[in-house]
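# Commentary on secondary and tertiary structure
Now for the letters of each chain:
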Amino acid sequence: MRYLLFLTFCLSFFACKKGSTLPLETQEIEVAKERFRESYRPQYHFTPPEKWMNDPNGLLYHNGTYHLFYQYYPEDIVWGPMHWGHATSTDLMAWEHKPIALYPDELGLIFSGSAVMDANNTSGLGTKDNPPMVAIFTYHLMAGEKAGRKDFQTQGIAYSLDEGDTWTKYEANPVIGNTDIKDFRDPKVMWHEASKQWVMALVAGDHVKFYNSPNLKSWTLASEFGKNQGAHGGVWECPDIFPLAVSGSQEQKWVLLVSMNPGAPNGGSGTQYFVGDFDGKQFTTTQKEAQWLDYGMDNYAGVTYNGLPDNKRTFIGWMSNWNYARDTPTEVWRSAMTLPRKLTLAKNKNAFHLKNYPIDTLNEYSYATITHDTMKHNMSLSSANFNEMRLDFTLPGVIDDFTVNFTNVEGNSLKVGYTKSSNNFFIDRRKSGKVAFEPSFAKEIHTAPAIQKNAKDVKFSIFMDASSIEFFVNDGETAMTDQIFPDIPFTAMTFTSKSQTIAPLKVSKVKRIWE
Ligand code: FRU
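Just so we're clear, the structure is a prediction, and the values are computed from it rather than from any experiment. (Residues numbered from 1 in each chain as written. Predicted model: local features only at pLDDT ≥ 70, side-chain atom pairs only at ≥ 80, totals over all residues. Heavy atoms only, no water.)

Now for the confidence of the model for the protein chain. Looking at the protein chain, the pLDDT average stands at 93 and 94% of residues meet or exceed 70. The least confident element of the protein chain, judged by mean pLDDT, is helix H1 (residues 2–17) at 38; the most confident is strand E19 (residues 314–318) at 99. Predicted confidence for residues 1–24 stays below pLDDT 50, and this span has 13 contacts to residues more than four positions away or in other chains. (pLDDT = per-residue confidence, 0-100. Helix = DSSP H or I, 4+ residues; strand = E, 2+ residues; numbered from the N terminus. Contact = heavy atoms within 4.5 Å.)

Reported here for the largest pocket is a volume of approximately 1100 Å³. Surrounding the largest pocket, 39 residues form its lining, Gly307, Leu308, Asn311, Lys312 and Arg313 being those nearest its centre. Contributions of two or more residues to the lining of the largest pocket are made by strand E5 (109–117), strand E9 (184–192), strand E13 (235–245), strand E14 (252–261) and strand E21 (341–348). Residue composition of the lining of the largest pocket, by class: 19 nonpolar, 12 polar and 8 charged. (1 Å grid on protein atoms, 1.4 Å probe; cavity = no way out; pocket = protein on both sides within 12 Å on 5 of 7 lines; lining within 4 Å. Points joined across faces, edges and corners; volume = space filled by probe spheres on them. Nonpolar A, V, L, I, M, F, W, Y, C, P; charged D, E, K, R; others polar.)

So, on to the environment of proline 396. Looking at where proline 396 falls in the secondary structure, it is placed in strand E25 (residues 388–398). Residue classification places proline 396 among the partly exposed residues on the basis of a relative accessible area of 34%. For the pair proline 396 and tyrosine 40, spaced 356 residues apart in the sequence, the C-alpha separation amounts to 34 Å. If near-sequence neighbours (up to four positions away) are discounted, proline 396 is found in contact with Asp457, Gln500, Thr501 and Ala503. (Buried < 20%, exposed > 50% of the residue type's maximum accessible area, 1.4 Å probe, protein only.)

Our focus in this paragraph is the packing of aromatic side chains. Inspection of the entire model under this criterion finds 39 aromatic pairs. Measuring from ring centre to ring centre gives 4.5 Å for tyrosine 61 and tyrosine 66, while their planes differ by 45 degrees; the resulting arrangement is tilted. Classification of tyrosine 66 by relative accessible area gives buried; the value is 14%. Between phenylalanine 402 and phenylalanine 460 the ring centres are 5.1 Å apart and the planes differ by 65 degrees, which places this aromatic pair in the edge-to-face class. Here phenylalanine 402, found in strand E26 (residues 402–407), pairs with phenylalanine 460, found in strand E30 (residues 456–465); they are 58 residues apart in sequence, far enough to count as distant. What makes phenylalanine 460 buried here is its relative accessible area of 1%. An aromatic cluster of three or more residues is present, and its members are Phe393, Phe402, Tyr418, Phe425, Phe460, Phe471 and Phe495. Geometry around phenylalanine 441 places arginine 429 over its ring, the cationic atom sitting 3.6 Å from the centre. A cation over an aromatic ring shows up here: lysine 511 above the ring of tyrosine 365, its NZ or CZ 4.8 Å from the ring centre. (Phe/Tyr/Trp six-rings, centres within 6.5 Å; stacked < 30°, edge-to-face > 60°. Lys NZ or Arg CZ within 6 Å of the ring centre and 35° of its normal.)

The structure is reproduced here in structure tokens:
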């Protein structure tokens, strides 16, 4: 496919060169087809057209459009003065790149935050007939940081009266000032219907602070959470709080997401979650230990959409890790978002477990499925490119050791599987291609504890897209996300196992999102 497109490109290129016989429109289409075909460029994950990206920001669904804002530095492929980039979609898969939404100003760089529709114009920044879309973000004042002060992060707001196309900063920013909290950032705002007010979750180093507001402009501190709960191996970042129904019951709980860097289970950046109750002011839980949303090294700073109908919860994370985010071997742009994932809450006795799995729309993007009825020990499959596909399979019977090994003629190998003695799933990218750009990238095998023992008929899905693998067990009971940079695409896949067969195994292509 890749070569076919390359051929199409060459043909159209030469056609253009020698004063083409093709009509102009067709030429443009041919060239447009080649957009975003650089090596390692994901074909069905969101990436910026060029330059540096980190966290997803301002995830908001409004009027049939999903907005994705993101931490963006338009001048380089390493982190720099932060802007909010912007893209829109009608299905969360195919994206249209939009102009930069927010630029730094005299109060600072524009760090992470959220967006809401202020439908009742509580802020007065719009009108009743044309209510504002409001972005709530952190200002990071470089000069303050350089001077060794502790008050350089404050919270500001901006509004848009044209569906997010253009933005105006609120003239009385900041809306939350700071005196002495060094890490004070990443406001996630939501409308709390029961108490009819705005609620903000904001991180302050080692805990979350909750604020309330009637109008998005004046904020009152309501409570704090987390100094003695969860993991504290690094700084808390990018919180999110939302209600979620317990699957198969009438019960509703509140979930608090908190990203943390460093200190994740497999090193560097990761996202923990808490399940409890929230009354608009205070979050309470009996959970003491951290639970982790994803056990790979590359799912960070993820948050969920505001404004979705039917109490749905859709999550997007940044598919990288601060350990090596600036070192990965891409040249035009840097980093991608995870697939959009649906969050659901499972309950087993009194323990809650947050599941995350790609949204159903991925099924509409999957095509040309080939089903292999049985894969036995040592069986191999070949393909022109296992780096752009999706794999779904079930292991019949009680789970036992198995490995799926992706290889190519360059000797690269990427292994995914399960180890019974430790009851762990794993991804081993240590020999997966380019790995030497930073020591922690390929230091260890990444493992994830299985949440059941001796589980039966376990279901697996693997999504590979140029430079990433997302591995899911039982519809997101366990999730692992890792970046990979093979020298050339993987062309073989070998299944090895102690006692099992895979039946059936489905290999599907996934539609490219940029055409
Ligand atoms: C998380 C983070 C946020 C911050 C942003 C800066 O990755 O460190 O806490 O707002 O990135 O780009």
